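Reading the structure
What follows is each chain in one-letter form.
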Amino acid sequence: LPIKISGQVGGVVQIFVRKREVEDVEELERKIKKISQYIKEAEPVIESKRLMRVLKESALKDPLTGLYNRRFLEENYGHIIAGILRRETVLGILMCDIDYFKKVNDTYGHDVGDEILKGVAKVLKENVRKADVVARFGGEEFIILLVDIRKDEAIKVAEKLCQIVEKTKFETKAGILRKTISIGVAEFPVDSERIWQVIKFADVALYKAKQEGRDRAVRFRPEMWTEESY
């Protein structure tokens with residue numbers, strides 16, 4: 001028996017009966033009719049739940065890049081860090097920013113800027129593990145959560161990503177463009193046992209990477225944390 005959702009078959013109910021039930025055709029037809037009626041009445045509820053799930057997913061994803069957004073992090077970071085603490089591993093935090101992104105918009109227009117954003121998002125997503133989380137943090141800034149890594153491993157991943165982006169040729173309406181990224185790196189719970197402070201540390205390290213010339217990854221160090229950085 002089909003379950004129809006939005007005019008299409010969204011699932012199938014298969015009924016198994018014992019041999020003696022098959023012989024009682026009238027009773028079998030009565031049961032099937034009853035089941036069919038139940039399915040028909042349940043279809044609007046199933047459709048409503050499906051739509052709610054779709055809406056929730058869309059609220060947690062950035063429409064331009066398809067990556068998770070900041071709201072996703074706010075709703076799920078608790079589960080992520082609980083697992084890290086339980087397994088006694090490390091969570092790497094990479095704050096990534098596209099270098100001189102405003103220049104792209106000013107020179108070629110926002111359409112080309114959007115193409116660069118989507119291109120960089122794709123490169124970042126494809127060059128980390130499936131278990132890792134890549135999200136758009138805002139504007140041209142991305143955050144990557146490296147799940148279950150070893151201490152001091154995050155900076156190696158960040159350096160690799162910088163090299164890959166620098167070598168990538170982005171195809172746009174304005175032709176082939178090359179871009180670089182800067183990355184700030186911090187680790188939970190190595191640098192702090194408060195996840196949002198670790199994210200802030202990674203942001204401070206990102207600022208340092210920009211100061212040092214961009215197109216590089218910088219690991220957070222305690223001396224970077226000043227009143228001006230807070």
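Here the structure is a predicted model, which means the values were calculated and not measured. (Residues numbered from 1 in each chain as written. Predicted model: local features only at pLDDT ≥ 70, side-chain atom pairs only at ≥ 80, totals over all residues. Heavy atoms only, no water.)

**So, the overall build of the protein chain**
If you tally the helices and strands in the protein chain, you get 7 helices and 9 strands. The C-alpha radius of gyration computed for the protein chain amounts to 25 Å, which surpasses the reference 17 Å derived for 230 residues by more than 25%, pointing to a less compact arrangement than a globule. A total of 230 residues make up the protein chain; the buried ones form 40% of that total. Long-range contacts, defined as pairs at least 24 residues apart, comprise 65% of the intrachain contacts of the protein chain with a sequence gap of at least 6. Accessible area of the protein chain: about 14,300 Å², with a carbon and sulfur share of 52%. With 43 positive and 39 negative side-chain charges, the protein chain shows a separation of 3 Å between the mean positions of the two kinds. (Helix = DSSP H or I, 4+ residues; strand = E, 2+ residues; numbered from the N terminus. Rg over C-alpha atoms; globule rule 2.2 N^0.38 Å. Buried < 20%, exposed > 50% of the residue type's maximum accessible area, 1.4 Å probe, protein only. Contact = heavy atoms within 4.5 Å. Areas by Shrake-Rupley, 256 points an atom, 1.4 Å probe, with all protein chains shown as cover. Lys, Arg positive; Asp, Glu negative; His and termini not counted. Charge placed at Lys NZ, Arg CZ, Asp CG, Glu CD.)

**Quick word on a negative patch on the surface**
Where like charges cluster on the molecular surface, the negative patch consists of Glu23, Asp24, Glu26 and Glu29. Its location among the elements puts glutamate 23 in helix α1 (residues 19-23). Relative accessible area serves as the criterion here: at 60%, glutamate 23 is assigned to the exposed category. (Patch = residues over 30% accessible without salt bridge, like charges linked within 9 Å, V, L, I, M, F, W, Y side chains within 5 Å. Salt bridge = Lys/Arg side-chain N within 4 Å of Asp/Glu carboxyl O.)

**Side note on the sheet that holds strand β5 (residues 141-149)**
Strands sit in the order β4-β5-β3-β8-β9 across an open sheet of 5 strands; the sheet is mixed. Looking at which strands have only one partner, the edges of the open sheet turn out to be β4 (133-138) and β9 (217-219). The average undirected angle you get between the axes of adjacent strands in this sheet is 25°. As judged from the 3 bridges shared by strand β8 (residues 181-188) and β9, these two strands associate in the parallel manner. In the strand pairing of β9, glycine 184 is matched with valine 218. Lying over the sheet, helix α5 (residues 110-126) contacts β3 (90-98), β4, β5 and β8, oriented at roughly 5° with respect to β5. (Pairing = 2+ DSSP bridges. Axes fitted to C-alpha atoms, helices over the stretch in contact; angles between N-to-C directions.)

**Some remarks on the pattern of salt bridges**
The final tally for this structure, using the stated rule, is 15 salt bridges. The salt bridge partner of lysine 173 is aspartate 111, with a shortest N-O separation of 3.8 Å. Pair noted here: lysine 173 is in the loop between β6 (170-172) and β7 (175-177) and aspartate 111 is in helix α5, with a separation of 62 residues, a long-range link.

**Notes on the packing of helix α4 (residues 101-108) against α5**
Two elements in contact, α4 and α5, have axes whose closest approach is 7 Å; the angle formed by their N-to-C orientations is 145°. In this structure, α4 contributes Phe101, Val104, Asn105 and Tyr108 to the contact, and α5 contributes His110, Val112, Gly113, Ile116 and Leu117.

**Quick notes on the nonpolar core**
Judged by nonpolar contacts, the single largest core of 33 residues is most densely connected at Leu94, Leu124, Phe142, Ile144 and Ile183. Sorting the residues of this core by element identifies β3, α4, α5, β5, α6 (154-167) and β8 as the ones contributing at least two each. Filtering out sequence-adjacent residues up to four positions away, isoleucine 183 remains in contact with Leu94, Met95, Cys96, Ala158, Leu161, Cys162, Leu206, Ala209, Arg216, Ala217 and Val218. In this structure, Leu145, Ala202, Val204 and Leu206 belong to the second largest nonpolar core, which totals 29 residues. (Core = buried A, V, L, I, M, F, W, Y, C linked by side-chain atoms within 4.5 Å.)

**Thoughts on the packing of aromatic side chains**
Throughout the structure, instances matching the rule amount to 4 aromatic pairs. Plain terms: the ring middles of tyrosine 68 and phenylalanine 72 are 3.7 Å apart, the flat faces sit at 15° to each other, and that makes the pair stacked. By relative accessible area, phenylalanine 72 is classed as buried at 12%. Ring pairs connect the aromatic residues Phe201, Phe220 and Trp225, which therefore count as one cluster. Seen from the ring of tyrosine 68, lysine 61 lies directly overhead, with NZ or CZ sitting 5.5 Å from the centre. (Phe/Tyr/Trp six-rings, centres within 6.5 Å; stacked < 30°, edge-to-face > 60°. Lys NZ or Arg CZ within 6 Å of the ring centre and 35° of its normal.)

**Points about a nonpolar patch on the surface**
A surface patch of nonpolar side chains, about 390 Å² in accessible area, is lined by Leu1, Ile15, Val17, Val22, Ile32 and Ile35. Judged by relative accessible area, isoleucine 32 falls into the partly exposed class, the value being 31%.

**Quick look at the environment of lysine 125**
Relative to the assigned elements, lysine 125 resides in helix α5. Overall, the relative accessible area of 42% leaves lysine 125 in the partly exposed class. With 19 residues separating them along the chain, lysine 125 and isoleucine 144 place their C-alpha atoms 9.0 Å apart. Excluding anything up to four places from it in sequence, lysine 125 contacts Leu67 and Val134.

The analysis is restricted to geometry; functional conclusions fall outside its scope.
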